[in-house]
Structures are given as C-alpha cells and as structure tokens.
Amino acid sequence: MPAAIIGREGPLTGRRFPVGDTPVTFGRSSESSVVIASRSASRLHAEMLREGGRYVLYDRGSRNGTLVNGKRVTSHVLTSGDLITIGGEVFRFEIADSMETITEFISPAVIESRGPVLNVTVSGGGPVGLAFALLLEHLMGRQVAVTVYDGRWTEDGSRVVWKNDAQGNVRRQQVVTVQSRQFLNLPEEVQERLFRAGAYSEMWPAGPDSIRGYGPRNIRIAYIEDTLLEMANEKPDTIRLASTVFDPAERREEVVKDHVLAICEGSRSRTREYFAERFGTPDTSIYSLNGQHVQDVVLGLRVKSDLSDPMTVLLTVAQNRFLLNSLRGEGFLNMRLTDAEAKEVIGVDPVRHVFEECVASRPCLMAREDGGDFRCSTHGTLFLPALVRGSALWKRILEGLVLFGVAEENLTAVTGFRLDMVQRPRFTAELYSATSNTPGTYGFLLGDAANAIHFWPGRGLNSGLASAISLARSLSDSWRGKAFRDADFVRHEAAMSMLQYRHKSRAWKAMVTSDGHGVSCAIKDKIAWSIEEAAPESAEGEAHLDALMDRLRKIRNRLSPRLPGMPDDRALRDHLRRLNSETVRILVASGPWDTLVVGGEEVDLDIFYRGRQRPDAALTETTELRPQPARRDAHEIPPRPNHRPAAPGPLSSNPPPA
C-alpha cells in the first residue's frame, strides 16, 4: 500500500514525501531525499528501506541521533502513525488505507474541492494578517477561502499593491527583529522570499527565542509587507485581496456567512471596538502605578548610523533612554520621553499658526525637507522642537544622534507613538451564532489588536506572528466542515493567554524599574528626575562616565562570546566623551536592559499542537495519532561561539553579511 512521510513540525511542515521501493535518505546533504537544513542534522542522518514488505528506519551514525516516538533508535520497523524526529524536524510516517489508495488516482485539486470550504475574513493586511492568510492557505489548500481587507492598498491592473506616500500611505520604514522561533514556523516559500540575500542582517546575538541554531534577523517592515502582499497576489484561487477598509457594520451580511473573522488591524482596531461586548472589557489596573495607567511616548528618529553593529548593540543594551534597530546602520532610533518632553512633541501649522499633535497621536511621519524642516505630508505641519532649535528636547535629540554616531544631516524623519498595555480577558469570541442559513462566526484578535507590545525591536511583530501561527494551526486542525464550538479553540486561547503573559510581563519590565529603596517606578520618571538634578560638577560628571563604563564592560564580557567585534575600553571612553554631562547622567539613571529578568523560557506553540492532525490528511485520516514527547535541546547543536549559522534551505550557501 502507498506510504509517505509528512512534515509535522519545522520548516517542512505540510510537505509530503512519497515512499516507494527505493531508499529514502534524510540529512543536510542536497542529495538527500529529504533535505533538513538544521545544523543538528548530519549530512547523511538516517535512511528508510523497504525490507520484506516492511519499512525500516536506520540511523546512519548521526551525531545527535534519530528519534521514533520520542525514543532514540538505531533501527526501527515503522508502523503507520509513528513520529520521526530528526534535526528539529518532526515527520509522521503513514501507510494509506483502502480509501487513501483510491485517492492516489484522483487529482489533489479534485479531492480538495470535495471537502467543505472554510470561509475566512481578515481585517487588516499588515504583516500579521498576510502571514496568517498565507499560512492558512499553505496548511489547507483549496479547503479554505480567505478575503483580506486593507485600506492602505490600491489596485494596479490585476494586482493589489501598497499605496505610496502621495496616496496618503506613509509606509513604515522601521526595522524589526524577527526571531527564529517565529520565522521557522512560516511556510518554506515565505522564508525563502523574505530572507533573500541582502534583505536582512543579523546584528543581535542569539537569545531565548533562537531555536535550531538560527539567530534573530533584522528586516524592514516595508519589505515584509511588500513580499507578503506579492505572494498573496499569486494565490487568487484561495486568497482574495480587497483594497478597502473593513467596516464590520457594512460587511455584516458577509461576515455572518463566514466561519472566521480574524482581526489584525493593530492596537487601535475599530473592528475590535465594534465587537467590544464579545471580547470583554480590558483591564488597565495591572499595568498601573499608584492608580495611574503607565504609558510611554516614544519618539522615532529615522537615521543612518556610522557605528558598527556590535557597538550599537552594546550601547543600546547599556541604557533605557534610546534604542537603535537598523539594517546595516539604517533604521529608527527610538527615544523614550518623559511626560514633560512628550508634551513638546507637536507640530505647528505654518499657515494657520495652530498646533497639532499629529506626530504623536495619529501617528504621522514628518520627513526632512531640503530646508531642514520636518514636515508632515498628511497635515502640512512642521515639527516644532526642530524649529525652536534652542529647545531642551531638540538638544537631547541631537545628543542621541551623537551617542549612536549619526550626523545631523542623516536624521531624515521624525515620528512618535504612544505605548500602553492592558490585560485582555479573551482573544476568541463567538460573534454570530449558527442558524439554519449561517454557519456561526467566530472572531479572533491577532497581533497588536490582541496585544500592543513595548517598542523593543520586533517584539510586537513576533507576538503577532505567533498568534497568527497558533490560529492557523488551530483552524486547520479543527475544521471538519461543521459549525465550530468553543472547545475547538481551547489550545489557541491558551496559547494567546501565554503570549499575553510572557510578552507583556517582559514589556512591563521594560517600562518599570525600582528606585534605590526597592519601590517600583516608571523608567521615564527616573529619567525625568535625572534631568531635574542640578548640573554636576566636573568630578561628578567623570564619576557618571566611570559608572557607565563599568556597566558597558560587564555587558561586553557577557555578549562577546556571541557577538564578535566589540569595541575596547579606549574606543568606548573616547566615544562617550563626545556627550555632555547631562546625557551621561541620564543614561546612567535610565539603567541597562534587564536581560536577566526578561530572559528565560519562551512560549513554544508546539506544546499545544504537537501530535495534532494536519489538514493534508483530514479527508482520509483514520489512524489515531500518537502524542509526541517534548523536544529536548540536548538533541540540537548550539551555534559555535563567534559563528553565525547559515540561513535555512537554499539560502545557506550565501547568507548576507551582518
């Protein structure tokens, strides 16, 4: 009877490898039948042979071993349903029954068309919404029909593209850091298109979110958006792109006929507010101090730094006032503001002579003009602190440029955004009950609509991708052509609650610290207190510089094994002497990133979906799945010190420089 190996976890998820009379080899070698990119796989790791009507799996002396149903084996006679773990990849071995034998002679498209179609609407076509649509299409094929709405798109012939600046869409040029825990769970074709040579860099050392030997990658959000939208355009049979804002009231008759509404519009989602009674009232109290909800205002400065990546990483981790995340030096320098400084982040209309808060409240991007002014293309306002060059805020902005090696002319745009956090009671809700004419519609909050995260590099996007991955898996596992039940989404809701706790507890630690008496206080307040101090004598200024140098040495010693090229003491001290004494005092007062507190175990979505049935077998599967034991890090090879692992798959031969 026909047999096959089907990818269950890892980059090969959903891939089907037929098994016949010829040997099937597994390994990193490009000559393998099943090529595994992970460094923890050997070049020839394992081999499957058909012997006397049986299929036998042999480990070929691999360094990290071959597991069948969680146990290390040298040889094993396979039975249908066995789970094989090699190099971080998990495969399921299947032998088709008589029904599957019949379907071998039928076109896959015909088989898929026989099954009931899952109808999904996505409000918001940013990276999270598009990644969710593409992953769902990858998992379910023609069993799903997805419609994605976004008002920032327009039609260009037969294709949907992003609007440009002149059309009112100021594209985000921010650089984000995508963790391997997230990008390795995206479809292989998405990974290949996103991580082309030159499109990303690896400036941050591997951390708790780094798995299978791959570190975090810096990539521009606009590039992610363009690539994902381009890929969605290529799948018109399953993904429909609507270049208009989704209005839940106007689209009600359409939504009640759908099974799913995925809300991916961001932290200010109107669709979420329309269904607020279904999702419940958010709680601000656990993110409050002294009864006041803690909020941050961050000024985003688009810059080009002349410093090396190791230097910028070291300077960023050493303090909480500024954060630079860039792609080969170009990106955004984020500046945490005090409450008093935040009030100065306004624009002025040069014609009507009125003030506007567009730069901080919309938010809008103010690009630098030839004359040096920063103008909002949407509202025509100018950035007031840059006009009043004697303002204290503008002087501190310039000090931030000095800290990160940015010439003033290489500051090309200014924006701002407000950050706060709430505890959401639920992320899944039945929006419309099933009737004789409608299937019942479930709504889901994904991305920033579920959790708006602090401005650490890429944290919001990583959480959003994780939520999209969880929902796509949950839907593909649960879909049986019938109305959904609350019980179908227990795993997804649990995963979302864990994401909320993990990422927001970490974000809270990035907004709040303690004073000298152990009492919690906002980091922005410690910065404000430092600004209010009297100007120090020269001796005190030297003491602050020494304190900052001591901090930098400790961080450098910790990061050097994972991040070569760190500056020595002389280079650091010479660079810091360019700053004025107030800036050094503020940097010391802001404290370093609390990497010990915010580090540790990450949310592993696989624990919720391990051993779950995949949609490629949904129509014919009869064999009961066996639970897969937790993957152990002992079976993975960690990256060597001072070594950056290659990119997955075909990218491994030519990774771009960090």
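Please read these numbers as outputs of a predicted model, since none were measured by experiment.

Okay, the overall build of the chain next. When helices and strands are tallied, the chain shows 22 helices and 35 strands. Sequence separation of at least 24 residues holds for 71% of the intrachain contacts in the chain that already meet a minimum separation of 6. Summed over its atoms, the accessible surface of the chain is roughly 27900 Å², and 49% of this surface lies on carbon and sulfur atoms.

Turning next to the nonpolar core. Judged by nonpolar contacts, the single largest core of 79 residues is most densely connected at L118, V120, F132, L136, V146, L241 and L475. Sorting elements by how many residues they give to this core places helix 3 (residues 127-140) first, with 10 residues. Among residues more than four places away in sequence, those in contact with L241 are L130, V148, W153, V160, L229, A232 and N233. V313, F374, L552 and I555 belong to the second largest nonpolar core, which has 53 residues in total.

Our next topic: the environment of P248. Relative to the helices and strands, P248 is located in the loop between strand 19 (239-242) and helix 7 (252-255). What makes P248 buried here is its relative accessible area of 8%. Setting aside its immediate chain neighbours within four residues, P248 contacts T271, Y274 and F275.

Here we take up unusual backbone geometry. Residues other than glycine seldom take positive phi values, yet N69 does so here, at roughly 55 degrees. Overall, N69 belongs to the partly exposed group, its relative accessible area being 24%. Unlike most non-glycine residues, R212 shows phi in positive territory, near 55 degrees. You can see R212 is positioned in the loop between strand 17 (200-201) and strand 18 (217-220). Judged by relative accessible area, R212 falls into the buried class, the value being 4%.

As a general point, the strands of a sheet are linked pairwise by backbone hydrogen bonds and lie either parallel or antiparallel. With antiparallel pairing, three strands are arranged side by side in an open sheet as 16-18-17. Each edge of the open sheet carries a strand with a single partner, namely strand 16 (175-178) and strand 17. Where strand 16 lies against strand 18, four bridges are found, and the strand directions are antiparallel. Counted as the bridge partner of V178 is R217 from strand 18. With respect to the sheet, helix 6 (residues 221-233) is in contact with strand 16 and strand 18, its orientation differing from that of strand 18 by roughly 75 degrees.

The subject of this paragraph is the pattern of salt bridges. With the rule as written, the count across this model stands at 33 salt bridges. Put simply, R193 and E234 hold a salt bridge, and the shortest N to O gap is 2.8 Å. Of this pair, R193 sits in helix 5 (residues 188-194) while E234 sits in the loop between helix 6 and strand 19, placing them 41 residues apart in sequence. Using a relative accessible area of 15% as the deciding quantity, one classes R193 as buried. Measuring nitrogen to oxygen at the nearest pair gives 2.9 Å for the salt bridge that ties R272 to E273. Using a relative accessible area of 6% as the deciding quantity, one classes R272 as buried.

Aromatic ring pairs: the centre-centre distance and the angle between the two ring planes describe each pair. For the structure shown, the criterion picks out 15 aromatic pairs. Summarising the aromatic geometry, the rings of F195 and Y200 are spaced 5.3 Å apart at their centres and angled 80 degrees between planes, so their arrangement reads as edge-to-face. Each member of the pair F195 and Y200 is classed as buried. In this structure an aromatic cluster arises from ring pairing among Y442, F444, W479, F484 and F489. It is R217 that lies over the ring of F195; its NZ or CZ is 4.8 Å from the centre.

Looking now at empty space enclosed by the protein. All chains considered together, the criterion is met by nine cavities of 30 Å³ or more. As for the largest cavity, its lining consists of P127, A131, V178, F183, L186, V190, L194, F195, I224, L228, L461 and L465. Of all the secondary-structure elements, those providing two or more residues to the lining of the largest cavity are helix 3, helix 5, helix 6 and helix 15 (459-478). Class assignment of the residues belonging to the lining of the largest cavity gives a composition of 12 nonpolar, no polar and no charged.

On the secondary structure map, T177 appears in strand 16. For T177, the side chain forms a polar contact with the side chain of N218, separated by 2.7 Å. Separated by 3.1 Å, the side chains of T177 and N325 make a polar contact.

This part takes up the pairing of strand 6 (residues 54-59). Summarising burial for strand 6: five of the six residues are buried, a large majority. Where strand 5 (residues 46-51) meets strand 6, six bridges bridge the pair, whose relative direction is antiparallel. For E47, the partnering residue across the bridge sits in strand 6 and is Y58. Adjacent in sequence and paired antiparallel, strand 5 and strand 6 are bridged by two residues, among which G52 carries a positive phi angle near 60 degrees. Pairing analysis gives three bridges linking strand 6 to strand 9 (residues 75-77), with the strands arranged antiparallel. Its bridge partner lying in strand 9, L57 is registered against H76.

Conventions adopted
- Residues numbered from 1 in each chain as written.
- Predicted model: local features only at pLDDT ≥ 70, side-chain atom pairs only at ≥ 80, totals over all residues.
- Heavy atoms only, no water.
- Helix = DSSP H or I, 4+ residues; strand = E, 2+ residues; numbered from the N terminus.
- Contact = heavy atoms within 4.5 Å.
- Areas by Shrake-Rupley, 256 points an atom, 1.4 Å probe, with all protein chains shown as cover.
- Core = buried A, V, L, I, M, F, W, Y, C linked by side-chain atoms within 4.5 Å.
- Buried < 20%, exposed > 50% of the residue type's maximum accessible area, 1.4 Å probe, protein only.
- Pairing = 2+ DSSP bridges.
- Axes fitted to C-alpha atoms, helices over the stretch in contact; angles between N-to-C directions.
- Salt bridge = Lys/Arg side-chain N within 4 Å of Asp/Glu carboxyl O.
- Phe/Tyr/Trp six-rings, centres within 6.5 Å; stacked < 30°, edge-to-face > 60°.
- Lys NZ or Arg CZ within 6 Å of the ring centre and 35° of its normal.
- 1 Å grid on protein atoms, 1.4 Å probe; cavity = no way out; pocket = protein on both sides within 12 Å on 5 of 7 lines; lining within 4 Å.
- Points joined across faces, edges and corners; volume = space filled by probe spheres on them.
- Nonpolar A, V, L, I, M, F, W, Y, C, P; charged D, E, K, R; others polar.
- Polar contact = N/O pair within 3.5 Å; in protein donor to acceptor, adjacent residues only side chain to side chain.

Distances and angles like these do not, on their own, reveal function.
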